[in-house]
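A look at the structure
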Amino acid sequence: MERGMIRGALLAAGVVSGCAAGVTSVAHAAPWQVPIASSYGAPGSLPADPMMTGARQLEAQVGPAAFTAPDFHPGVIRHMVMFRYKPATTDAQRAEVTARFLHLVQDSRRPDGSRFVQSIETGVQDSGEGNDAGLQQAFLVTFKSEGDRNFYVGRPVVTDPAYFDPAHEAFKQFAAPYLAGVVVFDYPVTLVDTAHPTPAPHHRRRS
C-alpha cells in the first residue's frame, strides 16, 4: 500500500475521524463478537522461541495471576508488531484491520473493566533502505508493566482465558486471514536519550 493509503481508506470508510493533529476517534469494531484465536498466523508455523519458552516457565513458576498482575515488573514496555499483508488483501480490509487494532486501546480491559493499554500508534513502511523484509505496517503498543503486557498478549504464553485479554484474542482471529507474515518485538524501556538544544556560547562583556 502506498504511503497515506491506509489513513485515506479509513477516512473514506468512515471508521476514523481526524484533523491536522491526527486521528481523534475510531469507530467501534465489536471485537467481542469475533471468535477467539491463538495467534495472528497459523499455529505451529514457527519453531519455539527461547524467549517464549522462558516466559512460559516464568508464568508456571509465579502463577498466571501474578504473571498478569498490573504490578508485575513495573516499567514502560513497548510491544512492536509488524504486518505483511497477503497480496489479495484489499485497501478496505487493511483499513479495517488498522481500525480494529487501534481501537484495542479502548476495548482491551481487565475483568474489573479497567483499561491497561497506554497507547497504540501505527504507520506504513516508509524506509528506502531496502531492509524492510517485505513488512508493510507497524504498530507500537505501550504498557506500564510486564504484567499488563502479559495480560494483553495472552496466548501462546498465557493459556487460561481468565488471565488474558479477550478483545486482543478476538482481533487476532479477525486479522489472521489478511496477513502473510507477522513480526513481534517487545522491549522494556531501559535507556532513553533525548536531544537537547545546545546552549548559546556565553560571551563576557568587555569593560
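Structure first, text after, so check above.
Quick look at the structure, then.

The rules we used
- Residues numbered from 1 in each chain as written.
- Predicted model: local features only at pLDDT ≥ 70, side-chain atom pairs only at ≥ 80, totals over all residues.
- Heavy atoms only, no water.
- Helix = DSSP H or I, 4+ residues; strand = E, 2+ residues; numbered from the N terminus.
- Salt bridge = Lys/Arg side-chain N within 4 Å of Asp/Glu carboxyl O.
- Buried < 20%, exposed > 50% of the residue type's maximum accessible area, 1.4 Å probe, protein only.

A negative phi angle characterises most non-glycine residues, just as the trans form characterises most peptide bonds. In the segment running from Arg155 into Pro156, the intervening peptide bond is cis, with an omega of 10°. Checked against the element boundaries, Pro156 lands in the loop between helix 6 (146–153) and helix 7 (166–175). Positive phi is not limited to glycine here, since His73 has a value of about 50°. Turning to its location among the elements, His73 is positioned in the loop between helix 3 (64–67) and strand 3 (74–85). In this structure, Ala133 is a non-glycine residue whose phi angle is positive, near 55°. By the secondary structure assignment, Ala133 is in the loop between strand 4 (119–124) and strand 5 (137–145).

Inspection of the entire model under this criterion finds 5 salt bridges. Between Arg149 and Glu146 there is a salt bridge; the shortest N-O distance is 3.9 Å. Linking Arg149 with Glu146, this pair stays in helix 6, spanning 3 residues, or about one helical turn. By relative accessible area, Glu146 is classed as partly exposed at 22%. One salt bridge connects Arg149 with Asp186, and the closest N-O pair in it is separated by 3.0 Å. Pair noted here: Arg149 is in helix 6 and Asp186 is in strand 6 (residues 179–188), with a separation of 37 residues, a long-range link. The exposure class of Arg149 is buried, given its relative accessible area of 15%. Connected through shared salt-bridge partners, Glu146, Arg149 and Asp186 make up one network.

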